[in-house]
Amino acid sequence: MDGPGNHAQQAANWMRAAGCPADADQVERRASARSRILKKGKLILPNNISVYDCIIRDISQTGARLTCEQTGLLPNELQLMFFAIREVRYVRVVWRRPGELGVEFLTPARPAPHLLL
């Protein structure tokens, strides 16, 4: 069973795979430090009805900041695929602006090799 410690470790692994610095937790004084990255992502709507390209701009153990088009049309809960490493997580939109979203991770990362997007 996944506990909070396991979730934090998976998030740290995800950040490391994304090329975030190892000392990212010393950069900010937030509950969960953010690291700036510039990686390709995919937003997958419920029931896989549609997929949108996005750029993952910041990432932390608890969420990410994304840039994409059509932010007003996206549902509050969807999946985020980290394209480079083919991992996916369920996320919740916690804020949105034109062209930009803040999402909270709802689940640990899991492999998504079947998503050939």
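Everything numeric here is computed off the predicted structure, so don't read it as measured data.

### Some thoughts on the overall build of the protein
Each helix and strand in the protein was counted, giving one helix and seven strands. Along its sequence from the N terminus, the protein presents helices and strands in the succession α-β-β-β-β-β-β-β. Contacts spanning at least 24 positions in sequence make up 50% of the contacts within the protein whose residues lie at least 6 apart. When the accessible surface of the protein is split by element, carbon and sulfur atoms take 50% of a total near 6,900 Å².

### Topic: the pattern of salt bridges
One pass over the full model with this rule turns up seven salt bridges. Among the ionic pairs, arginine 97 bridges to glutamate 100, the shortest N-O distance being 3.0 Å. What makes arginine 97 partly exposed here is its relative accessible area of 47%. In this structure, a network of salt bridges that share partners links the residues Arg34, Asp58, Arg65, Arg97 and Glu100.

### Details of the layout of surface pockets
Quantified by volume, the second largest pocket comes out at close to 200 Å³. Looking at the lining of the second largest pocket element by element, the count peaks at three residues for strand E3 (residues 63-67). When its residues are assigned to classes, the lining of the second largest pocket shows five nonpolar, five polar and four charged.

### With respect to the packing of aromatic side chains
Taken as a whole, this structure holds zero aromatic pairs when the rule is applied. The aromatic ring of phenylalanine 83 is capped on one face by arginine 86, whose charged end is 4.6 Å from the ring centroid.

### Here we look at the nonpolar core
Membership of the largest hydrophobic core comes to 18 residues, with the highest contact counts inside it found for Leu43, Ile56, Ala64, Leu66, Leu80 and Leu101. Of all elements in the fold, only strand E1 (35-44), strand E2 (51-59), E3, strand E4 (77-82), strand E5 (87-97) and strand E6 (100-105) reach the threshold of two or more residues within this core. Counting residues in hydrophobic clusters, the runner-up holds five residues, among them Ile44, Phe83, Val88 and Ala112.

### A look at the side chain of glutamate 100
Summarising the element assignment, glutamate 100 is placed in strand E6. Since its relative accessible area comes to 14%, glutamate 100 is described here as buried. Contact partners of glutamate 100, with chain neighbours within four places excluded, come to Arg65, Leu66, Thr67, Cys68, Thr71 and Trp95.

### As for the pairing of E1
Two elements, E1 and E2, share eight bridges in a ladder whose sense is antiparallel. When the bridges of E2 are listed, glycine 41 appears paired with cysteine 54. Hairpin geometry of E1 and E2 is characterised by an intervening segment of six residues between the two adjacent antiparallel strands and by a positive phi of about 60° at asparagine 47. Bridge count between E1 and E4: four bridges; the pairing is antiparallel. Looking across to E4, one finds that glycine 41 is bridged to phenylalanine 82.

Calculation notes
- Residues numbered from 1 in each chain as written.
- Predicted model: local features only at pLDDT ≥ 70, side-chain atom pairs only at ≥ 80, totals over all residues.
- Heavy atoms only, no water.
- Helix = DSSP H or I, 4+ residues; strand = E, 2+ residues; numbered from the N terminus.
- Contact = heavy atoms within 4.5 Å.
- Areas by Shrake-Rupley, 256 points an atom, 1.4 Å probe, with all protein chains shown as cover.
- Salt bridge = Lys/Arg side-chain N within 4 Å of Asp/Glu carboxyl O.
- Buried < 20%, exposed > 50% of the residue type's maximum accessible area, 1.4 Å probe, protein only.
- 1 Å grid on protein atoms, 1.4 Å probe; cavity = no way out; pocket = protein on both sides within 12 Å on 5 of 7 lines; lining within 4 Å.
- Points joined across faces, edges and corners; volume = space filled by probe spheres on them.
- Nonpolar A, V, L, I, M, F, W, Y, C, P; charged D, E, K, R; others polar.
- Phe/Tyr/Trp six-rings, centres within 6.5 Å; stacked < 30°, edge-to-face > 60°.
- Lys NZ or Arg CZ within 6 Å of the ring centre and 35° of its normal.
- Core = buried A, V, L, I, M, F, W, Y, C linked by side-chain atoms within 4.5 Å.
- Pairing = 2+ DSSP bridges.

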